[in-house]
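Here is how the chains run, residue by residue.
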Amino acid sequence: MFSSVITASILGLDVECSRAEVNVASGLPKFLIVGLADQAVKEASDRIRAAVVNCGFEFPDRRVTVNLTPAGRSKNGSHYDLPIAIGLLLACGQLTACRSLEDTAFIGELSLDGSVNPVDGILPMIIGLQKLGIERVMLPQGNIGEARLLRGVELYPVSSLAQAAGHVNGDSPVRPAAHAAGGAGAARAQVPDFSEILGQESVKRAAQVAAAGMHGMLMIGPPGVGKSMVGKRIPGILPPMTYKEQMDVTQIYSIAGELSPERPVISERPYRAPHHSMSAAALIGGGRVPHPGEISLAHCGVLFLDELPEFSSHTIDMLRTPMEEGRVMINRAEWRCSFPSQFMLVAAMNPCRCGYYGDPVRKCTCTETDRQRYIGRISGPLLDRIDIHIAMERVVYGDMSGSARKPGLSTADLREAVIYASEIQAQRYKNCGIDRNSQLTPALIKRFCVLEPDASDIIRGAFESLSLSARSYHRILKVARTVADIGGSERIRSADILEALSYRCPERFFK
Amino acid sequence: MSYEYIYDAWLARMVTIPCDARHYLVSLYGSPKAVYEAPEADLKQSFAQHRVFSRRSQTLAEILKKDLSAAERNLNEAARFGAKLISYYEPEGDYPEHLRMIADAPLLLFCKGDIDIIKKPGISIVGTRRCSPYGRWIAGECGKTAAKLGLAVISGMAEGIDAAAHKGCLNVDGKTAAVFGTGLDVCFPVSNTTLYGEIIENGLIISEYDFGSGGLAQFFPLRNRIISGLSSKMIVVEGGLKSGSLISAGLAAEQDREVIAVPGNINQPGSRGVNQLIADGATPLTSLDDLPRLLGFSESRRKAETVKALSSDESKLYRLINEAPGCGPDYLQLHSGLEISVVSTLLISLELKKLIRRSGACCYAE
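These figures come from a predicted structure and were not determined experimentally.

**Student:** A description of the overall build of chain B should follow, citing residues and the corresponding values.
**Tutor:** Counting its regular elements, chain B contains 18 helices and eleven strands. When its C-alpha atoms are laid out on the principal axes, chain B stretches across 85 × 55 × 40 Å. Counting over 366 residues, chain B shows a buried share of 46%. Counting only contacts in chain B whose residues sit at least 6 apart along the sequence, the fraction spanning at least 24 positions is 70%.

**Student:** Account for the environment of Ser45(A), with residues named and values stated.
**Tutor:** Residues and elements named next belong to chain A. With respect to the secondary-structure elements, Ser45 resides in helix H2 (residues 44–54). Residue classification places Ser45 among the partly exposed residues on the basis of 18 C-beta atoms within 10 Å. Note: C-alpha distance between Ser45 and Lys30 (15 residues apart in sequence) is 10 Å.

**Student:** So, the sheet that holds strand S10 (residues 217–220) of chain A: which residues are in play, and what are the values?
**Tutor:** Residues and elements named next belong to chain A. The sheet built from five strands is open, its strands ordered S11-S14-S17-S10-S18 with parallel pairing. In this open sheet, the two edge strands, each paired with only one partner strand, are strand S11 (271–272) and strand S18 (388–391). Sheet contacts for helix H7 (residues 201–213): S10, strand S17 (344–349) and S18; angle to S18, the most-contacted strand, approximately 170 degrees.

**Student:** Could you give an account of the domain arrangement of chain A, with specific residues and numbers?
**Tutor:** A common way to state how big an interface is: give the accessible area lost once the parts meet. Residues and elements named next belong to chain A. Assigned domains within chain A: domain 1 (2–169), domain 2 (194–434) and domain 3 (440–511). In this structure, domain 1 and domain 2 have C-alpha centres spaced 41 Å apart. Residue-level contacts link 16 residues of domain 1 with 17 residues of domain 2. Counting only elements with at least two residues in the side of domain 1 that touches domain 2, the list comes to helix H4 (122–131) and helix H5 (144–147). Broken down by element, the residue count for the side of domain 1 that touches domain 2 peaks at four residues, all from H4.

**Student:** For the interface of chain A and chain B, give the residues involved together with the corresponding values.
**Tutor:** Each side of the interface is counted separately: chain A has 28 residues, and chain B has 21 residues. Elements that contribute at least two residues to the side of chain A that touches chain B include exactly H7, helix H18 (453–465), helix H20 (494–502) and helix H21 (506–509) of chain A. The leading source of residues in the side of chain A that touches chain B is H20(A), at five residues. A breakdown of the residues in the side of chain A that touches chain B according to their chemical character gives 13 nonpolar, eight polar and seven charged.

**Student:** Outline H4(A), listing residues and values.
**Tutor:** Residues and elements named next belong to chain A. Most of H4 is tucked away: seven of the ten residues are buried. On its buried side, H4 packs onto strand S1 (2–11), strand S2 (14–25), strand S5 (104–106), strand S8 (136–140), H5 and helix H9 (243–256). The positive-phi residue at the C-terminal boundary of H4 is Gly133, with phi of around 95 degrees.

**Student:** How would you sum up the domain arrangement of chain B? Please name residues and give values.
**Tutor:** Residue and element names in this part refer to chain B. Annotation of chain B at the domain level lists domain 1 (6–111), domain 2 (115–294) and domain 3 (299–365). Computed over C-alpha atoms only, the centres of domain 1 and domain 2 are separated by 28 Å. Taken together, the contacts link 19 residues of domain 1 with 18 residues of domain 2. Of all the elements in the fold, those that place two or more residues in the side of domain 1 that touches domain 2 are helix H6 (69–81), helix H7 (97–100) and strand S2 (108–113). Grouping the amino acids of the side of domain 1 that touches domain 2 by side-chain chemistry returns 13 nonpolar, two polar and four charged.

**Student:** Before we move on, could you go through the packing of helix H16 (residues 411–428) of chain A against helix H19 (residues 472–486) of chain A and cite the residues and values that matter?
**Tutor:** All names here are of chain A. Two elements in contact, H16 and H19, have axes separated by 8 Å at closest approach and are oriented at 110 degrees. Looking at the two axes, H16 sits roughly perpendicular to H19. Crossing hand, H16 versus H19: right-handed. Contacts from Ala417, Ala421, Ile424 and Gln425 in H16 reach Thr482, Asp485 and Ile486 in H19. The class makeup of the residues in the contact of H16 with H19 is four nonpolar, two polar and one charged.

**Student:** Can you tell me about unusual backbone geometry, naming the residues and giving the values?
**Tutor:** Geometrically, the link from Thr69(A) to Pro70(A) is a cis peptide bond, its omega value of -15 degrees lying close to zero. Summarising the element assignment, Pro70(A) is placed in the loop between strand S4 (63–69) and helix H3 (81–91). With an omega dihedral of -5 degrees, the bond running from Phe188(B) to Pro189(B) counts as a cis peptide bond. Note on placement: Pro189(B) falls in the loop between strand S5 (176–179) and helix H10 (193–202). Unusually for a residue other than glycine, Met157(B) sits at a positive phi of about 55 degrees. Note on placement: Met157(B) falls in the loop between strand S4 (153–155) and helix H9 (161–171).

**Student:** I'd like a description of the packing of helix H16 (residues 312–323) of chain B against helix H17 (residues 329–336) of chain B, backed by residues and values.
**Tutor:** Residues and elements named next belong to chain B. Direction vectors running N to C along H16 and H17 enclose 120 degrees, while the axes themselves pass 10 Å from each other. With respect to H17, the axis of H16 lies oblique. Note on packing geometry: the crossing formed by H16 with H17 is right-handed. Together, Lys316, Leu317 and Leu320 of H16 and Leu332, His335 and Ser336 of H17 make up the contact between the two elements. When its residues are assigned to classes, the contact of H16 with H17 shows three nonpolar, two polar and one charged.

**Student:** Residues and numbers for the nonpolar core, please.
**Tutor:** Counting residues in hydrophobic clusters, the biggest one holds 158 residues, and the most contacted among them are Ala85(A), Ile107(A), Met217(A) and Ala480(A). No other element matches the eight residues that H3(A) contributes to this core. When near neighbours in sequence (up to four residues on either side) are disregarded, Ile107(A) contacts Thr7(A), Ala8(A), His79(A), Leu82(A), Val119(A), Ile122(A), Met125(A), Val137(A) and Leu139(A). With 82 residues, the next largest nonpolar core counts Ile138(B), Leu195(B), Ile205(B) and Ala252(B) among its residues.

**Student:** Please provide a residue-by-residue account of the sheet that holds strand S8 (residues 258–261) of chain B, values included.
**Tutor:** In any sheet, the strands associate via hydrogen bonds between backbone groups, in a parallel or an antiparallel arrangement. Residues and elements named next belong to chain B. Across the sheet, nine strands lie side by side as S1-S2-S6-S5-S4-S3-S7-S8-S9; this open sheet has mixed pairing. Both edges of this open sheet fall to strand S1 (84–87) and strand S9 (283–284), since each of them pairs with a single strand only. Examined bridge by bridge, strand S7 (residues 231–236) and S8 share four bridges and lie parallel to one another. Bridge pairing links Val236 to Ala261 in S8. Strands strand S3 (122–126), S4 and S7 of the sheet are contacted by helix H8 (residues 133–148), whose axis makes an angle of about 175 degrees with S3.

Reading the values: rules and limits
Residues numbered from 1 in each chain as written. Chains lettered and ligands numbered in written order. Predicted model: local features only at pLDDT ≥ 70, side-chain atom pairs only at ≥ 80, totals over all residues. Helix = DSSP H or I, 4+ residues; strand = E, 2+ residues; numbered from the N terminus. Buried ≥ 20, exposed ≤ 12 C-beta atoms within 10 Å, placed from the backbone. Contact = placed C-beta atoms within 7 Å. Pairing = 2+ DSSP bridges. Axes fitted to C-alpha atoms, helices over the stretch in contact; angles between N-to-C directions. Domains from an automatic or database assignment. Nonpolar A, V, L, I, M, F, W, Y, C, P; charged D, E, K, R; others polar. Parallel < 35°, antiparallel > 145°, perpendicular 65-115°, else oblique. Left-handed = near helix turned anticlockwise from the far one by under 90°. Core = buried A, V, L, I, M, F, W, Y, C linked by C-beta atoms within 7 Å.

This is how it looks when you write it as C-alpha cells:
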C-alpha cells in the first residue's frame, strides 16, 4: 500500500516542494527512511513509532519504506515527522483522506506522546510553498504566530497527531487560522532615548544622518564617552519597517529559530551587538546546514560592533562584500545559498589601545608602534565602506552641565527628520530597485546627486586639501544626498557637501 | 576722438632699429604721428645728430618713404581678426605699466582675448621645447599652482614646457597669456592648434608682429622680453646650456624679475642650463609646496587674508578655537549658539581653508 504527502524541504531561504512517499509492504518488520536524510530525519522513525502508538493507532508490523523526494537533495530538519506519520497512517489504511491532499502540505515535528512541536523556518517554507501553488498548510500550533502574517493561504494549526488525523479523515476538521496584519499587537521594544546622553550633539546629528540614509557609521573616541550608548539608541530613530521588510526579517529569524510565542513576528528593526570573540561563520552565516549570520539577523536593522579593532581582522574583513551587495552568498562544496544582509553598520572604537590618543587632558601611554598596530587591525577597504566617521570628545563638566546647557536632542527630535528623509528616498527610488541613499550605484549617483555650482567647487577643492582618495568621492556624494534630503533640498547645496565631508576624514585618525 | 593707431603701427614695423631707438625718436618729436609728419630735412638732421641712429641710413630711408600701406593692411587684418590694439603712447590706454618699465618695450601689441589678464604682473613659465616627462609635469603643476593663487601664467605657447604650463593653468580655469613670435593669426607650432583655440577662448594671445607673419628665427628670443616683461617672476623649468630659456632668464634678470629655476638631473643635457642658473644665483624650486611662498604668497599672509574673508559665524568659531585650543564641537555649539549641523559644516570649511587642524574631535588653530 502506498501513499504520498506533500511537505517542504528548505536550504537557506530556498524552498522546494518535497513529498513523503510511504510504502507498506509485506516482509520482516522494518522502518526505512531514504532520500538523503540527515540525522534529525533518520531519528524520525523512533519518534513516529512512539507518536503513532501513543495516539491510539497501530504501528504496522510490516516493511515500511519512506522516500523523501527529490531523492537527490539532502534533507534536514525535524519537520518531516508529521508528513511521514500522516503518510504512514494513510498507507496502512488506518486513515482515509476525506478529500484529495494534493493541495495540502504538512509540516511539523512529533513528540513521543503524539503532540506536534513547532519547527524553525516555517515562514519561508510556507512562502515557498505558496509560490509553488500550495493553498493549504497544516502546521504546528506553536508556529501559527509567525505564519498568520501571510495572506492567500489556508493555515490549519494542529497540536497533536490525533488532531491532524481527525482533520484529514474529516471527523473533526480544524478551523483555518485567521490572518493578522504585520506587527499588530507587538509591543514596541524598549529602546533607550537619546536625550539621556549628555552633550555629544555632533554625534547625535551624525547618527541622524546615518539613520536617514542607512549609512555605516564609525564612532571613534576615548573610553566612557558614550559610544555604546549612542549605538544602542540608533534603532529608536529608524523609521518603522514596512510589511515587506517585516516579512523578510521574520523569515530570517524563523530559519534561525529566534522566534518565540512571545515574539512571533519581528516588527521592530533588529539590533544585533555580537561580542568581538565571534567567529567568521557566526558573523556572515554558514554551518553544516545554512544558518543566517549576525549580518542577516541585522537585515533592515543595526549591526553594532563595539570595540571594532578587537574583532579578528579576518572576521571583520568578511563584511566587505555583503556591505556592498546587501546580500551574503555562502558557498560550500555541497550547497550554496544567499541571505539578505542590508544592515546599517554601527561600529565603535578607541583611538588607540589605551584610549587617550589626542586627548587634551589625559596623556596617552601608547607608543607609536602600539597605535599603528591597533589602528592597522581595521583594513582600509573596510574603512572606505563606512560612510560616516565621527570623532567623539570627552564630556567636560563645568560649563557643559548646569543651567547653561540647552536640553539635548532627543530620540523624537531625531526620528522626525529621519522619517521625513526616508519618505523622500522611498519616493525618489520607487523604480530604481533600491530604497536608501547608501545603496546608490555610480549610475544612480550621477542621476540623483546633482550639485549646485558652488558645491562642486567645494568638493573639487576638498579633494586636494584633504587629500581624499578618489574612492571617497561617491561616498561623500551619497552622504551629502542624505543631508540634503533631511534639509528637504532637491539639489545638493554647499553646506550639504561640507557636512558630508566632515563625516569622512579617515585620514584624520588613520594616519 | 579715438586714438589713431596707424602711426604707431607704421613705426612699429621699422624693425631695423631697436624699440629703444624708436622710443628715442618719438621723444624728439612728441608722438608717432609727429614723427610721421616731421619734415624730411628735420628727420635727416636728427639721424645725423644722435649717436643711437649712427649707421642707420636704411631705417632713415624707410621712414622717409612715409608708406602707411603695410601698417594699414595690418590694422585691417587686426580688425577682421577681432584683435585689440595696445599702444605704448596711447594716453589712458591698456598698456601695462610693468611692461613699460623694461628696456626695448614694444610700441604696439596686438591682443585677442581677455585683456585684464596682463593688467597685473603674472608669472612666466618657460623652458625647452624638447622637454622630459618630468619637466612637462613640473610645468603643468607650476601653471596650476600659479592659477590657484590667482596669478596669470605667461608663456610662449611653444611645444614642450610652454604648452604644458598653459595647459596646467587652463585645467584649473586659470588665466593665461601666450606671447607669439609670429602674427596673431598664425598658430605656431601647428601641433598646438587645440591649445591655441583654448587660449583665445579662455585667455589672451599677444603679438607685436604683422598679421600673417610666420615668424623669423630672431623674433622668438625677442618676444621673450615681453614674456618676462609681463611677469613679476619667471620659472625656468628645463633648458640646456644654449637654450632660448637661458636667454629669457637673462632678460628677466636684466628686467629685475626674480628667476626661479627647477633643478634637474645633472646628467641630463636638458637640465644643465637650469642647474647653471641655480649656480649663478637663481632661486631653486626645491619642492612644489614651496612654490606659493616663492611666488610671494607666504603662509602668514594667506592666513591673514583668509581670516579677513571669513563669514561672521566662521570667525566666531575661529575665535573660540583660538581661545580654547583642543575644544570640540559640543563646546563650540554651546558657546556659539549655532545649530550642531552648522557647527560641523563651518568646522570642515575652516579646515578646508587650512585655518584649523583637528585631532579626533579636538580642534586647534593652525
